[in-house]
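The chain contents come next:
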Amino acid sequence: MLNRILEFSLRQRATVVLATAVLVALGIWSAVRLPIDAVPDITSPQVQINTAVAALAPEEIEKLVTLPIESEMAGLPGMVELRSLSNHDDISG
């Protein structure tokens, strides 16, 4: 069987070269239109919660706003990491 393939390839060189060129062109065409990123996004899903409390100091924001939210979020299934930041930004304009 292998001998017959080799004999055909040697006798029909132009056909083999043409078929190879067609396959290479189809491969390049398919690779260009492939909808997959070369480097997938490996970051974990994140949620950011912003609360604006102009009347409180950062310590009060931590105690009255951030800590209760952290307590509720900590029990979520699949939670890997929980980080928070409490600061006082002047939102009065």
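Located above this text is the structure these notes cover.
Residues numbered from 1 in each chain as written. Predicted model: local features only at pLDDT ≥ 70, side-chain atom pairs only at ≥ 80, totals over all residues. Heavy atoms only, no water.

> Whenever I open this one, the environment of Leu-56 confuses me. Can you help?
On the secondary structure map, Leu-56 appears in the loop between helix H2 (13–32) and helix H3 (58–73). The class for Leu-56 is partly exposed, based on a relative accessible area of 21%. On a C-alpha basis, the gap between Leu-56 and Gly-27 in space is 62 Å, while along the polypeptide they are 29 residues apart. (Helix = DSSP H or I, 4+ residues; strand = E, 2+ residues; numbered from the N terminus. Buried < 20%, exposed > 50% of the residue type's maximum accessible area, 1.4 Å probe, protein only.)

> For this particular structure, what's the right way to read the pattern of salt bridges?
For side chains of opposite charge, pairing can occur when their charged atoms come near one another. For the structure on display, the rule yields 2 salt bridges. With its nearest N and O atoms 3.4 Å apart, the salt bridge here joins Arg-11 to Glu-7. You can see Arg-11 and its partner Glu-7 sitting in helix H1 (residues 2–11), 4 residues apart, about one turn around the helix. Measuring nitrogen to oxygen at the nearest pair gives 3.6 Å for the salt bridge that ties Glu-81 to Arg-83. Both residues of the pair, Glu-81 and Arg-83, count as exposed. (Salt bridge = Lys/Arg side-chain N within 4 Å of Asp/Glu carboxyl O.)

> What's the story with a nonpolar patch on the surface in this structure? I'm lost.
A cluster of nonpolar residues, Leu-18, Val-22, Leu-23, Leu-26 and Trp-29, forms a patch on the protein surface that exposes about 540 Å² of accessible area. In this structure, Val-22 sits in helix H2. In this structure Val-22 comes out as partly exposed when scored by relative accessible area, which is 44%. (Patch = residues over 30% accessible without salt bridge, like charges linked within 9 Å, V, L, I, M, F, W, Y side chains within 5 Å. Areas by Shrake-Rupley, 256 points an atom, 1.4 Å probe, with all protein chains shown as cover.)

> I tried to follow the side chain of Thr-66 on my own but got confused; where do I start?
Within the secondary structure layout, Thr-66 lies in helix H3. According to the relative accessible area criterion, Thr-66 is buried, its value standing at 12%. The residues contacting Thr-66, other than those within four sequence positions of it, are Ile-61, Ser-84 and Ser-86. (Contact = heavy atoms within 4.5 Å.)

Bear in mind that shape data such as this cannot, by itself, settle questions of function.
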